[in-house]
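Inside the fold
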Amino acid sequence: MIVFEDVTKVYDPDVVGLQNFTCHIGKGEFVFLVGASGSGKSTLIKLVLKEIVPDSGRILVAGRNLGTLRHSKVPLLRRNIGCVFQDFKLLPNKTVYDNVAYALEVVGEPRRSIRRKVPEILNLVGLTEKTNSYPHEISGGEQQRVSVARAFVNHPPLLLADEPTGNIDPETAVGIMQLLVRINRTGTTVVVATHDRDMVNRMRRRVLQLDAGRLVRDERRGGYDQVADVEAEGVLT
Amino acid sequence: MRLGFFLSEALGSMRRNWVMAMAAVITVFISTAILGAVLVTRDNLNQGATSLKNRVLIEVFIKDEATDAEKAALEQKIRSIPEIKSFEYISKDEALERFRKRFGERIVQNLPINPLPASYEIQVKDANQVDMVARKFFDDPAVDNDPGTHNGVKYARETVRKMLSTINLIGIGMWVATGVFALAAVLLISTTVRLSIFARRREVEIMRLVGATNWFIRWPFVLEGFITGLIGAVIAAGFVWLANWALANWLKSSDIDFLNVRIFSMCWQSGSWPAGLMPTLAVLGAVLGALGSMVALRRYLKT
């Protein structure tokens, strides 16, 4: 689904985003990206969305080479990638319903099918009662669920989440993560960049750890920290 | 294209950001109103200038003792000059009649004979040629021309010269003013639009992340600019029209008669309205609004 081949991205002036980064994320995987702030997690996500372009290396998303992807085709790429952000990025003057519907309007979905799909997905994330609320009228956890609903309403093959639980209390965060897992079960590839140690340790999914733009660990059923540390933690508790 | 969706997006955003929308409408209103006022003023001054030019008359007075043959020769001569647009023969009786109307019955009653000469009133096609045409009658045997005592050929030579150069100057000045105000209108409107889009740049960013194409994002903004420009310009056109009408009416009914005001009122009395100004202003406003939106959006739609 996502292939990075020796990708380097350096920001002005000399701030390393990613350095000789290579990895392969298969279809239907659920992957955690971990690492300190500034380790390159967000750079990676922006590269996948083609918000920024790498200085060198090759990136393939769903078989498409982003390097040769024309500007005019970038929106088409993004329609195949659902996005969830730490700050939700909801349109502040649209209702919950319209925020989700916007993602469908963008792809030219017929009115009738929008009216069917939006309530369906809002039901899935448990927000039926907030359909006509505005983002500022609902809680952070609810806003994040709206943003997950918007990301998934098109049933994209790939869903990226950048610190999806960063602004949410731990209990609500579990709900969001469960939603992502459910989405993953439908066959959607899910990539989650996170700082949430507990969450990663509990879920035991593939973990990619970044440090200063380099891939330092790729573990199939990893925890937030190196294996040794996790085991040590296990001994202590 | 989903016009319905885009239109409802545009109207919705205008309703939500009504302060900004109002500011934009007012900006368009002010700039197009000024532009419209300049255009109307120019038109009226042109009208006035034309009517002034048309009023330049050459009066050729005929000797009482001129023979019929001499008179006929004079008329023949007038007919043969191509620069002359029209002429009118004023007989001695008609001249007296005019005099009576102007100065009253009593003076005329006391006259033993009719002292007024017959004359031709000649209009030339182009005010610039007045001097040249007038000179042709100086030596005519039928004309009552006696250098030193009185002129048989009367025309406002200096006045015409000054008037012509003034009119030309005003014409140039008005073109310059039109250009300056048109430019000011463009700048003002584009600044306002840029401000309103800057306030919504986050919205644009989110639309792009969801995979909206540039045109999908652009259309509501362009429509919004179009509607804003149209409203502002239509109000401006109406306002200028009303002001023009009121001014013309006021000048017609008032008795003000100072020298300057009289020339001014002569220019404005018809309340001349340039053909097609209303639609021109409306289209101009709408197009400026739409283009302004597109230009202002460009920076947020890169990539």
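What you are looking at is a predicted structure, and each value in this text was computed from that prediction instead of being measured.

Definitions and limits used
- Sequence order as written defines residue numbering, which begins from 1 separately in each chain.
- Chain letters and ligand numbers both follow the written order, the letters beginning at A and the numbers at 1.
- The model is predicted, so local features are restricted to residues of pLDDT at least 70 and side-chain atom pairs to those at 80 or more, both for listing and for counting; the totals for chains, interfaces and linings are taken over all residues.
- Only hydrogens and water are removed before side-chain values are computed, so all heavy atoms of the structure are retained for them.
- For two strands to count as paired, DSSP must find a minimum of two bridges between them.
- Each helix is a run of DSSP H or I of at least 4 residues and each strand a run of E of at least 2, with the numbering of both proceeding from the N terminus.
- We count a salt bridge whenever a side-chain nitrogen from Lys or Arg sits within 4 Å of a carboxyl oxygen from Asp or Glu.
- Residue burial is assigned from relative accessible area. The probe radius is 1.4 Å, only protein chains are included, and a residue is buried under 20% of its type maximum, exposed over 50%, and partly exposed in between.
- It only takes one pair of heavy atoms within 4.5 Å for two residues to be counted as in contact.
- The buried area of a pairing is the accessible area, by a 1.4 Å probe, that goes missing from both parts when the two are put together, added over both.
- Polar contacts, as counted here, are pairs of nitrogen or oxygen atoms within 3.5 Å of one another; within protein the pair requires one atom able to donate a hydrogen and one able to accept it, and residues that are adjacent in sequence qualify only if both atoms are side-chain atoms.
- Polarity classes work like this: nonpolar for Ala, Val, Leu, Ile, Met, Phe, Trp, Tyr, Cys and Pro, charged for Asp, Glu, Lys and Arg, and polar for all others, with Gly in that last group.
- Between N-to-C directions, angles cover 0 to 180 degrees, with each direction set by a line fitted to C-alpha atoms, over the stretch in contact for helices.
- Comment on the angle field: the value is read as roughly parallel under 35 degrees, roughly antiparallel over 145, roughly perpendicular from 65 to 115, and oblique elsewhere.
- Each crossing gets its hand from how the near helix is turned against the far one by less than a right angle, where anticlockwise is left-handed and clockwise is right-handed.
- For Phe, Tyr and Trp, rings pair up if their centres lie within 6.5 Å, where Trp contributes its six-membered ring, and each pair is then called stacked (planes under 30 degrees apart), edge-to-face (over 60) or tilted (otherwise).
- The rule is short: NZ of Lys or CZ of Arg within 6 Å of the ring centre and within 35 degrees of the ring normal puts a charge over the ring.

1. Let's talk about the sheet that holds strand 1 (residues 57-61) of chain B
Remark on secondary structure: sheet strands pair via backbone hydrogen bonds, oriented parallel or antiparallel. All names here are of chain B. Taking strand neighbours across the sheet as the criterion, the four strands line up as 2-3-1-4 in an open arrangement whose pairing is antiparallel. Looking at the sheet topology across the chains shown, the edges are occupied by strand 2 (84-90) and strand 4 (153-154). Looking at chain direction, strand 1 and strand 3 (residues 119-124) are connected through five bridges and run antiparallel. Residue pairing across strands places F61 opposite S119, the latter belonging to strand 3.

2. Describing the pattern of salt bridges
Across all of its chains, the model carries 17 salt bridges over all chains by this definition. The residue A:E5 makes a salt bridge to A:R58 at a minimum N-O spacing of 3.1 Å. Of this pair, A:E5 sits in strand 1 (residues 2-11) while A:R58 is found in strand 4 (residues 56-61), placing the two residues 53 residues apart along the sequence. Residue class for A:R58 comes out partly exposed when judged on its relative accessible area of 37%. With its nearest N and O atoms 3.7 Å apart, the salt bridge here joins B:R202 to A:D87. Here B:R202 is found in helix 8 (residues 201-209), whereas its partner A:D87 is found in the loop between strand 6 (81-85) and helix 3 (96-106) on a different chain. Connected via shared salt-bridge partners are A:D87, A:K89, B:R202 and B:E205.

3. What about the interface of chain A and chain B?
The interface of chain A with chain B comprises 24 residues on the first partner and 17 residues on the second. Buried area between chain A and chain B, both sides added, is near 2,100 Å², and the carbon and sulfur share of it is 56%. The largest contributions to the chain A side of the interface with chain B come from A:R78, A:N93 and A:Y102, which together make up 29% of the buried area. The interface formed by chain A and chain B contains three salt bridges. The salt bridge partner of B:E205 is A:K89, with a shortest N-O separation of 3.2 Å. Joining chain A to chain B, the criterion identifies six residue pairs in polar contact (both at pLDDT 80 or more). Broken down by secondary-structure element, the contributors of at least two residues to the side of chain A that touches chain B are helix 2 (74-79), helix 3 and helix 4 (111-124) of chain A. Taken together, the residues of the side of chain A that touches chain B break down into ten nonpolar, three polar and eleven charged.

4. Remarks on the packing of helix 3 of chain A against helix 5 (residues 140-152) of chain A
Residue and element names in this part refer to chain A. Two elements in contact, helix 3 and helix 5, have axes separated by 8 Å at closest approach and are oriented at 25 degrees. In this view, helix 3 runs roughly parallel relative to helix 5, as classed from their interaxial angle. For the crossing formed where helix 3 meets helix 5, the hand is right-handed. Residue-level contacts link V96, N99, V100 and A103 of helix 3 to V146, A149 and R150 of helix 5. For the contact of helix 3 with helix 5, the residue count by class is five nonpolar, one polar and one charged.

5. A look at the packing of aromatic side chains
The tally for this structure, following the rule as stated, stands at eleven aromatic pairs over all chains. Relative to B:F5, the ring of A:Y102 has its centre 6.3 Å away and its plane inclined at 45 degrees; by these criteria the two rings are tilted. Here A:Y102 is found in helix 3, whereas its partner B:F5 is found in helix 1 (residues 3-16) on a different chain. Classification of A:Y102 as buried rests on a relative accessible area of 3%. Among the aromatic residues, those joined into a cluster by ring pairs are A:Y102, B:F5, B:F6 and B:F216. Across the ring face of A:F85, the terminal group of A:K89 is positioned such that the distance to the ring centre comes to 5.2 Å. Positioned above the aromatic ring of A:F30, the side-chain terminus of A:R205 is 5.0 Å from the ring centre.

6. Here's the deal with the sheet that holds strand 7 (residues 158-162) of chain A
All names here are of chain A. Ordered in space as 6-7-8-3-9-10, the six strands form an open sheet in which the pairing is mixed. The sheet is open, and its two borders are formed by strand 6 and strand 10 (214-219), each paired with just one other strand. Strand-to-strand, the axes of this sheet are offset by a mean angle of 15 degrees, without reference to chain direction. Pairing of strand 7 with strand 8 (residues 189-193) involves five bridges; the strand directions are parallel. Following the sheet pairing, D162 is matched in strand 8 by A193. Along the sheet, helix 1 (residues 41-48) contacts strand 3 (30-34), strand 6, strand 7, strand 8 and strand 9 (206-211); its crossing angle with strand 7, the most-contacted strand, is approximately 145 degrees.

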